[in-house]
Structure formats: structure tokens, C-alpha cells
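# Survey of secondary and tertiary structure
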Amino acid sequence: EAKAKGRNTYHFYSQELDAAANERLFIESELRLAIKARQFVIYYQPQVDSRTQHVVGYEVLIRWFHPTEGMIPPNKFIPIAEATGLIVELGTWVLQEACEFAARLAVQGRENNISINLSARQFKDAKLVPLLASIIKKTRVPAKCLHLELTESMLMGNVEAAIAQLHQLKALGVSISIDDFGTGYSSLSYLKRFPVDILKVDHSFVKDIPDDPNDMEITAAIIAMAQKLKLNVVAEGVETIEQVEFLQNNNCFIVQGYYYSEPIAESELSSLFEKLNDRAGVYP
Ligand code: C2E
Ligand code: MG
Ligand code: MG
Ligand code: MG
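Figured I'd write up the structure that's included with this text. (Residues numbered from 1 in each chain as written. Chains lettered and ligands numbered in written order. Predicted model: local features only at pLDDT ≥ 70, side-chain atom pairs only at ≥ 80, totals over all residues. Heavy atoms only, no water.)

### Some words on the side chain of Glu236
Note the following rule: A run of H or I in DSSP becomes a helix once it reaches four residues, and a run of E becomes a strand once it reaches two; helices and strands are each numbered from the N terminus. The buried label goes to any residue with under 20% of its type's maximum accessible area, the exposed label to any with over 50%, and the partly exposed label to all in between, with areas taken from a 1.4 Å probe on protein chains only. Should any heavy atoms of two residues lie within 4.5 Å, those residues are counted as being in contact.
With respect to the element layout, Glu236 can be found in the loop between strand 8 (232–235) and helix 11 (241–249). Residue Glu236 is classed as buried on the basis of its relative accessible area, which comes to 10%. Contact partners of Glu236, with chain neighbours within four places excluded, come to Glu59, Asp179, Asp180, Lys200, Val201, Asp202, His203, Val206 and Gln256.

This is the structure in C-alpha cells:
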């Protein structure tokens with residue numbers, strides 16, 4: 001009996017593993033074609049100043065619309081693109097698209113701060129700095145509009161190399177954000193060693209405000225300490241008015257989340273501006 005049960009369990013796990021491995025292989029092989037087939041689209045999630053309701057910037061979030069599988073979320077394919085090295089080509093495309101978008105916004109007289117997620121491999125790439133320099137030059141987007149999002153784990157490991165790379169990037173004029181802040185292993189005092197500009201408070205701390213007093217304490221502490229270190233703070237994953245108000249009461253005004261808008265296609269921006277009554281320019 002036990003043996004039969006064991007065998008069934010084995011079959012169960014084996015099938016699960018097969019499914020996961022198959023999915024991985026499928027994504028890996030399809031990824032190679034997807035760039036050429038133009039299956040990727042960039043969505044933009046507005047960052048809103050909660051005091052004025054103006055959109056002050058956007059995070060660039062990639063979407064993969066596969067012809068038979070539908071939308072494949074980035075958490076499913078970015079790690080595979082990273083592992084196979086395809087992220088470098090994909091990431092180059094994202095940088096290019098993001099800068100072109102920023103240039104279009106400037107023509108509209110709109111705020112054009114653009115936050116771009118970098119993967120570990122892209123960040124370590126010796127070609128990143130010259131690549132970004134050439135894209136900035138070609139698209140004529142002011143470098144100060146560009147905010148590169150890194151995670152704490154990308155700065156661990158070879159700390160000296162990370163600091164050197166950050167200084168080179170900052171010499172181009174771009175700024176640096178720490179994404180998902182608080183979920184990694186770094187402390188704020190450790191972070192002082194890195195030339196960073198913006199902290200993004202992770203969604204996991206925001207999501208249970210105002211029900212979880214611990215999360216409220218942590219969020220307030222991150223904001224207060226960031227201010228002492230002269231870093232700007234952006235809150236991620238803000239879904240409710242209670243969260244907006246809590247953040248305002250704790251001096252964090254730039255927020256990103258479903259409360260204002262999900263990530264949307266560029267064509268949906270004008271109706272968002274209308275909804276927010278954001279008249280800082282007309283789009284398109
Ligand atoms: P992230 O950079 O932390 O991005 C924030 C994620 O939170 C996005 O998921 C966004 O859609 C989601 N989000 C925004 N507001 C809310 C909210 O109010 N509630 C909830 N529950 N979620 C919210 P998404 O677009 O699925 O992206 C997931 C992750 O994939 C990103 O996390 C980022 O690490 C990565 N990623 C996305 N695009 C790129 C890219 O172009 N390059 C690289 N290297 N990574 C990317
Ligand atoms: Mg991000
Ligand atoms: Mg994040
Ligand atoms: Mg993340």
C-alpha cells in the first residue's frame with residue numbers, strides 16, 4: 001500500500017516537474033523568435049504625485065503577447081532570458097523603446113521621467129555604458145529623465161565592481177533606483193556606500209496597509225531614513241486611498257499602483273490623463 005502510494009506520489013511530482021521543464025523549454029525556444037516576430041510590447045505604469053494628481057513619470061514594464069499562449073508575464077520569461085543571455089538583446093530593445101517614448105512625451109510637453117528595470121546580466125555588462133550613451137545620443141532624450149532600477153541583490157557580490165559601474169552610469173547623467181527595497185539583505189547604512197538616488201518601497205510592505213501595524217512601521221521607517229540619506233522615495237503597489245493617505249502622512253508623495261493605474265499601452269495614456277484631470281499637456 002505504502003509502496004503504491006509512494007509510486008503515485010512519484011508520478012505526481014514527476015509529471016509536475018515535466019510540465020515545469022517543458023514550459024521552460026518552450027519559453028526558451030519561443031523567446032528566440034519572439035523578438036524578431038515583434039511579440040513584445042511595452043506597457044507604462046504611471047507614477048503619480050498624489051498631491052496634484054499629475055503623472056510625473058512612468059515605469060517601463062515589458063509584456064509578451066504570444067500568438068497561441070496569450071500574455072506571458074515577465075516573471076515567467078525574464079529569468080529565462082537572463083539565464084540564456086537573451087536578456088541583453090531584449091534589454092537593449094527595451095532601452096531603445098523607452099528612450100523613444102521619453103522623446104515623444106517631451107514633444108507633448110509632458111513629464112518624461114522613465115524608470116527602466118535592468119537585469120543582473122545587463123548591469124554587469126561592460127557594454128551597458130557605451131550602449132546607453134549611444135541610445136541617449138540618438139534619441140536626444142535628456143539623460144536626467146532616465147532612472148535605472150536595480151535590486152539590492154545586484155549590488156551584493158562584487159561590491160567594488162558594482163560601485164564602479166554605478167559611477168560610470170551616473171556620469172552619463174542618469175539616476176539610479178533601488179527596486180523592491182526592503183526585500184533584499186542590504187541595510188540603509190550599507191546602501192550609503194552606493195551612489196543611488198531613489199528607493200522604491202516594495203509592494204509587500206504597502207499591500208497590507210492599514211491592517212498590518214508592522215508593515216506600517218516598516219514603511220514609515222524606510223521613508224524617514226531615506227529622507228535622512230537624501231534619497232527620493234517612490235511607493236510601489238499602491239491600491240487604495242487609505243494607502244495613499246498613509247504615505248502622504250509619512251511624506252511619501254510619488255506613488256505607483258493600481259489605485260491610479262495599471263501598466264497600460266501608450267495608446268491608453270490620453271484617457272488616463274482625462275480621468276486624472278491631468279492637464280499638463282495634451283496627449284498625443
Ligand atoms: P517590478 O519592477 O517590481 O515591477 C512592479 C510590478 O508590480 C509589475 O509587475 C507591476 O505590474 C506590478 N504592480 C504595479 N502596481 C501594482 C499594484 O497596485 N498591485 C499589484 N499587486 N501589483 C502591481 P509585472 O509588470 O508583472 O513585472 C514583474 C517584474 O518583472 C518587475 O517587477 C520586474 O522585476 C520584471 N520586469 C518587467 N519588465 C522588465 C524589463 O523590461 N526588464 C527587466 N529586466 N525586468 C522587467
Ligand atoms: Mg521595477
Ligand atoms: Mg518593484
Ligand atoms: Mg520585482
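### So, the coordination of the magnesium ion (ligand 2)
By definition of the ideal shapes, four donors in a tetrahedron about a metal sit 109.5 degrees apart, and six donors in an octahedron sit 90 or 180 degrees apart. The line we're drawing: Donor atoms are limited to N, O and S found within 2.8 Å of the metal ion, a distance that becomes 3.2 Å for Na, K and Ca. With water left out, some sites might look partial.
Within the first shell, the magnesium ion (ligand 2) binds the protein through Glu59 (OE), Asn117 (OD1), Glu149 (OE) and Asp179 (OD), at distances of 2.0 to 2.2 Å. Spacing between the donor residues of the magnesium ion (ligand 2) along their common chain follows E-x57-N-x31-E-x29-D. Here the magnesium ion (ligand 2) and the magnesium ion (ligand 3) are spaced 4.0 Å apart, with Asp179 acting as a shared donor. Remark: Glu149 occurs in strand 5 (residues 146–151) and Asn117 occurs in strand 4 (residues 113–117); sequence separation between them is 32 residues.

### Observations regarding the layout of surface pockets
Selection criterion: Two kinds of site are reported from a 1 Å grid over the protein atoms alone, namely cavities, where a 1.4 Å probe fits but cannot get out, and pockets, open sets with protein on both sides within 12 Å along at least five of seven lines, and residues are called lining when an atom falls within 4 Å of a point. Grid points are joined across faces, edges and corners, and a volume is the space filled by probe spheres set on the points. When residue character is reported, Ala, Val, Leu, Ile, Met, Phe, Trp, Tyr, Cys and Pro are called nonpolar, Asp, Glu, Lys and Arg charged, and the others, Gly included, polar.
Space inside the largest pocket adds up to approximately 1100 Å³. At the level of elements, strand 2 (54–66), helix 2 (74–84), helix 3 (87–107), strand 4, helix 4 (120–124), strand 5 and strand 6 (175–181) are the ones that each hand at least two residues to the lining of the largest pocket. Of the residues belonging to the lining of the largest pocket, the class tally is 19 nonpolar, 11 polar and nine charged. Roughly 370 Å³ of internal volume is contained in the second largest pocket. If you trace the second largest pocket, you find 20 residues lining it, with Ile198, Asn232, Val233, Val234 and Ile254 closest to the centre. Contributing elements (two or more residues each) for the lining of the second largest pocket: strand 2, strand 4, strand 6, strand 7 (198–201) and strand 8. The leading source of residues in the lining of the second largest pocket is strand 8, at three residues. The residue makeup of the lining of the second largest pocket, split by class, is eight nonpolar, 10 polar and two charged.

### Details of the packing of helix 3 against helix 5 (residues 128–139)
Put simply, the rule reads: In this description, a line fitted to the C-alpha atoms serves as the axis of each element, helices being fitted only across the stretch in contact, and the angle between N-to-C directions of two axes falls anywhere from 0 to 180 degrees. Should an angle fall under 35 degrees it is taken as roughly parallel, and over 145 as roughly antiparallel, whereas 65 to 115 is taken as roughly perpendicular and any remaining angle as oblique. By convention the crossing between two helices is left-handed if the near helix lies anticlockwise of the far one by an angle smaller than a right angle, and right-handed if it lies clockwise.
Put simply, helix 3 and helix 5 touch, their axes get as near as 10 Å, and they point 30° apart. On the basis of the axis angle, helix 3 is roughly parallel to helix 5. Considering only the axes of helix 3 and helix 5, their crossing is right-handed. Across from Thr92, Leu95, Gln96, Cys99, Glu100 and Ala103 in helix 3, the residues of helix 5 making contact are Leu128, Leu131, Leu132, Ile135, Lys138 and Thr139. Here the residues of the contact of helix 3 with helix 5 are counted per class, giving seven nonpolar, three polar and two charged.

Geometric values such as these leave the question of function open.
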